[in-house]
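Below are the chains, spelled out letter by letter.
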Amino acid sequence: MARISVIGTGYLGVTHAACMASLGHDVVALDVDEAKVTSLAAGKVPFHEPGLPELLQESLASGKINFTTSWVDLAAHADVHFLCVGTPQSPESPAADLSQIQSAIRSLAPLLTKPCLIVGKSTVPVGTAQWISDYLVANSPAGNDVHLVWNPEFLREGFAVQDTLHPDRIVLGIKNETDVAVLTDIYATALSGDTPLVVTDYATAELVKVAANAFLATKISFINAFAYLADEVGADVGTLADAIGHDTRIGRRFLNAGIGFGGGCLPKDIRALRARATELGLSEHFEFLKNVDEVNKSRRDYVFALAIRNLGSITGKTIAILGAAFKPDSDDIRDSPALDIALLLAKGGANVRLHDPVALPQVRGRNLPILAVENVEEVFDGADLVLHLTEWKLYRELDLQSISERVANKVIIDGRNCLDLALWSSAGWQVTYLGKPGSQSAL
Ligand code: UDX
């Protein structure tokens, strides 16, 4: 079993560390945030991810995982260091902010006194791996014995444990053929199943990650553009997606029209990719990603306009919102379409009542002019309009009789196109979908 370090205990780092420990590797995970390290060492995961707290607690109990803020301890412990720090959007531009990567590499390099492998998992602009490799060789006592592999991560929030333990592919960007065996040993369990292995160079490995996310984002904006068209001409975008999805060259997944994508990855990754392509003089060829971003953001304004169309004016009206997270099974509200729509309505003068099964602490932390309601039935109290914006399972299992008695108007806009029309209609509700017959166009 390998002696591993994991640098950075965000979403990626905590999941990777706990999963590697569950496979029997000896893991030390580092973060510069002392409070976070203390909390993780006590078995507390600072975000909502199904199955992860249990996995972490099991790994702590077996002694396979430890947390530290000490770079010296980290460097002494491990032969393989996984770089899992965040690469958020820069505050000043659409490009990625690489300061966490730079800071980690600068802290680690002088302590690398023995041969070791650094494995980059963070999402980075193409060219970063080569820079890191050069820096480590130039600034580590072990010099040329410090090797780098680029191994992008494709985990989805809400499925992070499953995606880490059973990834649908493992990509290794390498410079030295000998490094492959170290990683195939570490990932032996997944590779002994049906996970394919792709071995390539640094630049290709870096691009695989951003290309995958750009493609997924493009699929969503593609279908959302058709949702506009469907609303205009009375077509059904869901049936359209089903029909084109039968073509295996297209596929049905990521063609659910609605309020669009958000979260900590897709939006910032398409912007960073465009910024990098522009740096490389290729901006005109990546202009489509600007469009993908714009169609996506426009869905939020569209639902806002639909609400106004429904209510005449939203000033002083009570609007109940189901969901704040950017997707179900997550408490992540970064760039969340649901929360953005709630804010637009609140700023427009509506009394916004918002429910989410797990993300309310995050919402409260932002001090927004929105009432966070813990009890899902209470969120409906006095509502002139209801918006369904995150497709949590519990919203498809509501007691319609009970909530019908709480609202002022039985009118709902389904921003995720997944509520059962027959069920809601039979309880007397008017349901507006996005891009489906009977929907109202806000254009
Ligand atoms: C994404 C990638 O899927 C993952 O491979 C990568 O490692 C990180 O970024 P994640 O951010 O967890 O994962 O979310 P994802 O499941 O991809 O969903 C992104 C957004 O797209 C969500 O807001 C979701 O609601 C939206 N979405 C997804 C749609 O609007 N329609 C769809 O058909 C699918």
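As the structure is a prediction and not an experimental result, all values here were calculated from the model.

A.B. asks: Just give me the short version of the packing of aromatic side chains, but keep the residues and values in it.
C.D. replies: By the definition in use, this model includes seven aromatic pairs. Relative to Tyr-302, the ring of Tyr-228 has its centre 5.0 Å away and its plane inclined at 80°; by these criteria the two rings are edge-to-face. Here Tyr-228, found in helix H10 (residues 202-233), pairs with Tyr-302, found in helix H13 (residues 287-311); they are 74 residues apart in sequence, far enough to count as distant. One exposure class covers both Tyr-228 and Tyr-302, and it is buried. The ring of Phe-159 has Arg-156 lying over it, and the distance from NZ or CZ to the ring centre is 4.3 Å.

A.B. asks: Outline empty space enclosed by the protein, supporting the account with residue identities and numerical values.
C.D. replies: According to the stated counting rule, one finds three cavities of 30 Å³ or more in the structure shown. What the largest cavity holds in volume is close to 110 Å³. If you go around the largest cavity, you meet 13 residues; those closest to its centre are Lys-121, Glu-153, Pro-167, Arg-169 and Ile-170. Elements supplying a minimum of two residues to the lining of the largest cavity: helix H7 (160-165) and strand E7 (170-173). Here the residues of the lining of the largest cavity sort into six nonpolar, three polar and four charged. For the second largest cavity, the calculated volume is near 50 Å³. Lining the second largest cavity are Met-20, Leu-23, Thr-164, Leu-165, Tyr-187, Thr-189 and Ala-190.

A.B. asks: If you had to explain the layout of surface pockets to someone new, which residues and values would you point to?
C.D. replies: Considering only enclosed or pocket space, the second largest pocket measures out at about 170 Å³ in volume. Contributing to the lining of the second largest pocket are 17 residues, with Val-126, Leu-207, Val-210, Leu-273 and Arg-276 lying nearest its centre. Elements that contribute at least two residues to the lining of the second largest pocket include exactly H10 and helix H12 (266-279). It is H12 that contributes the most residues to the lining of the second largest pocket, six residues altogether.

A.B. asks: Outline the sheet that holds strand E9 (residues 318-322), listing residues and values.
C.D. replies: Strand order in this open sheet of six strands is E11-E10-E9-E12-E13-E14, and the pairing throughout is parallel. Whereas interior strands pair on both sides, the edge strands pair on one side only; in this sheet they are strand E11 (371-372) and strand E14 (430-433). Judged from the three bridges that link them, strand E12 (residues 385-388) and strand E13 (residues 411-414) form a sheet pairing that is parallel. Residue pairing in the sheet places Leu-387 in a bridge with Ile-413 of E13.

A.B. asks: How would you sum up the site of the ligand? Please name residues and give values.
C.D. replies: What surrounds the ligand is a group of 20 residues, the closest being Phe-154, Leu-155, Glu-157, Phe-326 and Lys-327. Phe-154 is positioned such that a nitrogen or oxygen atom in its backbone is 2.8 Å from an oxygen atom of the ligand. The contact in question runs from an oxygen atom of the ligand to an N or O atom on the side chain of Arg-416, over 3.2 Å. If you tally residues by element for the shell around the ligand, the top one is H10, at four residues. Along the lines of polarity and charge, the residues of the shell around the ligand split into ten nonpolar, four polar and six charged.

A.B. asks: Which residues make up the nonpolar core, and what are the values?
C.D. replies: In this structure, Leu-345 and Leu-387 are the most contacted members of the largest nonpolar core, which totals 54 residues. For this core, the leading source of residues is helix H14 (residues 337-347), giving seven residues. Other than its neighbours up to four places away in sequence, Leu-345 contacts Phe-304, Ala-307, Ile-314, Ile-319, Ile-321, Ala-350, Val-352 and Leu-387. Residues Ala-2, Ile-4, Ala-17 and Phe-82 belong to the second largest nonpolar core, which totals 40 residues.

Calculation rules
Residues numbered from 1 in each chain as written. Predicted model: local features only at pLDDT ≥ 70, side-chain atom pairs only at ≥ 80, totals over all residues. Heavy atoms only, no water. Phe/Tyr/Trp six-rings, centres within 6.5 Å; stacked < 30°, edge-to-face > 60°. Helix = DSSP H or I, 4+ residues; strand = E, 2+ residues; numbered from the N terminus. Buried < 20%, exposed > 50% of the residue type's maximum accessible area, 1.4 Å probe, protein only. Lys NZ or Arg CZ within 6 Å of the ring centre and 35° of its normal. 1 Å grid on protein atoms, 1.4 Å probe; cavity = no way out; pocket = protein on both sides within 12 Å on 5 of 7 lines; lining within 4 Å. Points joined across faces, edges and corners; volume = space filled by probe spheres on them. Nonpolar A, V, L, I, M, F, W, Y, C, P; charged D, E, K, R; others polar. Pairing = 2+ DSSP bridges. Near = heavy atom within 4 Å. Polar contact = N/O pair within 3.5 Å; in protein donor to acceptor, adjacent residues only side chain to side chain. Core = buried A, V, L, I, M, F, W, Y, C linked by side-chain atoms within 4.5 Å. Contact = heavy atoms within 4.5 Å.

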